[in-house]
Amino acid sequence: MKFQITCTRCGCTQATAPDTHHEWDEIHCEECGEFLDTCGHFEDRHAAGYHVQALNMSRSLILQMARENGWQGDSAMAGRRSA
Ligand SMILES: [Zn+2]
């Protein structure tokens, strides 16, 4: 099992954990073997980060859509009013 974690010791971004993938399995740097995290802890943080990221993305998308729809709506209404 491979993980994308930046090693605090050598800066390598490749880390591996046993394929058993238990929560308590340790993730070690591929380069220097430094202990970086456990699978369970990493998944927790990763899941939380992903949800926040998804929330921010959908929020900015909604704002963008609202802005675009607002502009389109204004011009459509203006067109209807003048016609
Ligand atoms: Zn390392």
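Each remark here, short or long, concerns the structure printed above.
Let me begin by describing the structure that accompanies this report. Note that the structure is predicted; figures quoted are calculated from it, not measured.

Here we take up the sheet that holds strand β2 (residues 14–16). Across the sheet, which stays open at both edges, the four strands sit in the order β1-β2-β3-β4 with antiparallel pairing between neighbours. Both outer strands of the open sheet, β1 (2–4) and β4 (35–38), are each paired with one neighbouring strand and no more. Going from strand to strand, the sheet's axes swing by 35 degrees on average, the running direction of each strand aside. Pairing analysis gives two bridges linking β2 to strand β3 (residues 26–29), with the strands arranged antiparallel. Paired with A15 across the strands is C29, a residue of β3.

With that out of the way, let us pick up the environment of I5. Among the structural elements, I5 can be located in the loop between β1 and β2. Judged by the 19 C-beta atoms lying within 10 Å of it, I5 is partly exposed. In this structure the C-alpha to C-alpha distance between I5 and I27, which are 22 residues apart in sequence, comes to 9.0 Å.

Here we take up the pairing of β3. Burial along β3 is one-sided: I27 and C29 are buried, and none of E26 and H28, which face the opposite way, are. Examined bridge by bridge, β3 and β4 share three bridges and lie antiparallel to one another. Each residue of the ladder has a partner; that of H28, found in β4, is F35. Where β3 folds back onto β4 in an antiparallel hairpin, the turn is made up of five residues, including G33, whose phi is positive at roughly 80 degrees.

Before going further, it helps to spend a moment on the nonpolar core. For soluble globular proteins, nonpolar side chains are generally found buried alongside one another. Counting residues in hydrophobic clusters, the biggest one holds five residues: A15, A17, I27, C29 and L36. The contacts of C29, once residues within four sequence positions are left out, are C7, R9, C10, C12, A15, E34 and L36.

Cut-offs and rules
Residues numbered from 1 in each chain as written. Predicted model: local features only at pLDDT ≥ 70, side-chain atom pairs only at ≥ 80, totals over all residues. Pairing = 2+ DSSP bridges. Helix = DSSP H or I, 4+ residues; strand = E, 2+ residues; numbered from the N terminus. Axes fitted to C-alpha atoms, helices over the stretch in contact; angles between N-to-C directions. Buried ≥ 20, exposed ≤ 12 C-beta atoms within 10 Å, placed from the backbone. Core = buried A, V, L, I, M, F, W, Y, C linked by C-beta atoms within 7 Å. Contact = placed C-beta atoms within 7 Å.

Any functional reading would require information that these geometric values do not contain.
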